[in-house]
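# Inside the fold
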Amino acid sequence: MGRTAAIFGCAGLSLTAEERAFFRETDPAGFILFKRNCEHPDQVRALVADLRTSVGRPTAPVLIDQEGGRVQRLRPPHWRTAPPARRFAELYRRDPAAGLRAAWLNARLIAAELHDLGIDVDCAPVLDNPAPGAHDVIGDRALGGDVATIAALGRAVMDGLLAGGVLPVIKHLPGHGRAQVDSHKHLPIVEASDAELRARDLPPFATLADAPFAMTAHVVYRAWDADRVATWSPDVIGRVIRDAVGFTGCLLSDDLSMQALDGALGDRAGRAIAAGCDLALHCNGDLTEMRDVAAAAGPISEAAAARLAGALGRRLEPQPIDRAAALAALDGLLKD
């Protein structure tokens, strides 16, 4: 059937025979890891290699959410605790040059850890602009509270990841910062006007529209599509994400298992692909659900395959870095 237009997780620390056979049969576009998949470096390296072997593609992308702060799948004792994005925004307000340098160094160190494991895509940076009174699902994950700060620090994070041979994913398009509820659990509905959204939410994404990957938000924006979340809306994906923002890279749905969405998993995947997402993201490792997602997502389209190839073509060999010196420099910049 050709490569499936999906990115899948797996259940545990190693692949089962059933998972390996499923991946061989469906040939997903890539994979994503979570905390449940990460015990120690040698185990993660082996799992990453096995995932790629299962589809016969040594260049198949392997993703992870390693933002820092609350959202990092790799944790001590084997991996560094990275600071939340807000720390860089606070430093940037006091000293813009120091804030940019610290954000780059932190991203570069994250990339070094990921590259060591064979992981080549990090679902970061978060470019959402939190609105006063919004749910804290974004909170300290945001790189500030104004357009200019988020855009500048987002660029530093992107550049740091790319310098370390890791591809960034900007998220959550077209902006999760106004959501009053957590889309992991409930459906957020944003009532802001088109003018408000274009002034405050879209600009950081437009500034970083050259990112290789982006991820949608499971949020309804009344001004653009009163009935459908962005992930399922051809209007939001076409007129807003592709046209107004100008994003031309590979567009991923957010996790289809999130409770902001309703319906069967296959229906969720089919609607995301039909709306214009290039790849459907399914994270929880449930094999029954993955079978439904694979069947509904279908083979990757020619246009999506081209965008995915363009994104993966931006992987670089890491520039040399003295990790101890970089960490010392980062700690010095963040010291109160």
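Check the entry above for the structure.
Structure report, in brief. (Residues numbered from 1 in each chain as written. Predicted model: local features only at pLDDT ≥ 70, side-chain atom pairs only at ≥ 80, totals over all residues. Heavy atoms only, no water.)

With that settled, the discussion passes to the pattern of salt bridges. Following the criterion strictly, the structure yields 20 salt bridges and no others. The closest approach of N and O atoms between Asp65 and Arg73, which form a salt bridge, is 3.4 Å. Note on Arg73: relative accessible area 22%, which makes it partly exposed. Several salt bridges share partner residues, and in doing so they unite Asp65, Glu67, Arg73, Arg141 and Lys171 into one network. (Salt bridge = Lys/Arg side-chain N within 4 Å of Asp/Glu carboxyl O. Buried < 20%, exposed > 50% of the residue type's maximum accessible area, 1.4 Å probe, protein only.)

The next subject is the pairing of strand β2 (residues 28-33). In terms of burial, β2 is a largely internal element, six of the six residues being buried. Relative to β2, strand β1 (residues 4-8) runs parallel, the two sharing three bridges. By the bridge assignment for β2, Ile7 is matched with Gly30. Running through helix α1 (residues 17-26), the crossover from β1 to the neighbouring parallel element β2 is right-handed. Pairing of β2 with strand β3 (residues 62-64) involves three bridges; the strand directions are parallel. Directly across from Phe31, in β3, lies its bridge partner Val62. Regarding the hand of the β-α-β motif, the stretch spanning β2, helix α2 (residues 41-55) and β3 is right-handed. (Helix = DSSP H or I, 4+ residues; strand = E, 2+ residues; numbered from the N terminus. Pairing = 2+ DSSP bridges. Right-handed = clockwise from strand over helix to strand, strands pointing away.)

Relative orientation of the contacting elements helix α3 (residues 85-94) and helix α4 (residues 96-117) amounts to 155°, with a least axis distance of 5 Å. Considering the angle they form, α3 stands roughly antiparallel to α4. Listed contacts from α4 to Phe88, Leu91, Tyr92 and Arg94 of α3 are Pro96, Ala98, Gly99, Leu100, Ala102, Ala103 and Asn106. Looking at the contact of α3 with α4, its residues break down into eight nonpolar, two polar and one charged. (Axes fitted to C-alpha atoms, helices over the stretch in contact; angles between N-to-C directions. Parallel < 35°, antiparallel > 145°, perpendicular 65-115°, else oblique. Contact = heavy atoms within 4.5 Å. Nonpolar A, V, L, I, M, F, W, Y, C, P; charged D, E, K, R; others polar.)

Right, let's talk about the side chain of His172 for a bit. Positionally, His172 belongs in strand β7 (residues 167-173). A polar side-chain atom of His172 sits 2.7 Å from a polar atom in the side chain of Asp128. In this view, His172 contacts Asp128, Ile138, Arg141, Phe205, Met215, Thr216, Ala217 and Asp254; residues no more than four positions away in its chain are not counted. (Polar contact = N/O pair within 3.5 Å; in protein donor to acceptor, adjacent residues only side chain to side chain.)

Our focus in this paragraph is the sheet that holds strand β6 (residues 121-122). Taken in spatial order, the eight strands close into a barrel running β1-β2-β3-β6-β7-β9-β11-β12, and their pairing is parallel. In the sheet, strand β11 (residues 250-255) pairs with strand β12 (residues 279-282) via two bridges, with the strands oriented parallel. Looking at β12, one finds that Leu252 is bridged to Leu279. Helix α10 (residues 287-297) contacts β1 and β12 of the sheet and is inclined by roughly 150° relative to β1.

So, about the nonpolar core. Phe23, Leu33, Ile119, Ile170, Phe213 and Leu279 are the most contacted members of the largest nonpolar core, which has 111 residues in total. It is α4 that contributes the most residues to this core, ten residues altogether. Among all residues touching Phe23, those that are not within four sequence positions of it are Phe8, Gly9, Cys10, Leu15, Pro28, Phe31, Leu51, Ser54, Val55 and Met290. (Core = buried A, V, L, I, M, F, W, Y, C linked by side-chain atoms within 4.5 Å.)

In an α-helix, one full turn covers 3.6 residues, which means residues spaced three or four apart are oriented alike. Over its 15 residues, α2 extends 22 Å from the first C-alpha to the last, a length consistent with the 21 Å expected when each residue adds 1.5 Å. Those residues of α2 that fall on the buried side of the exposure criterion are Pro41, Gln43, Val44, Leu47, Val48, Leu51, Arg52, Ser54 and Val55. All buried residues of α2 fall inside an arc of 165° around its axis, so they share one side. What points out from α2, more than 90 degrees from its buried face, is the exposed set Asp42 and Thr53. (Expected span 1.5 Å × (residues − 1). Arc of directions from axis to C-beta.)

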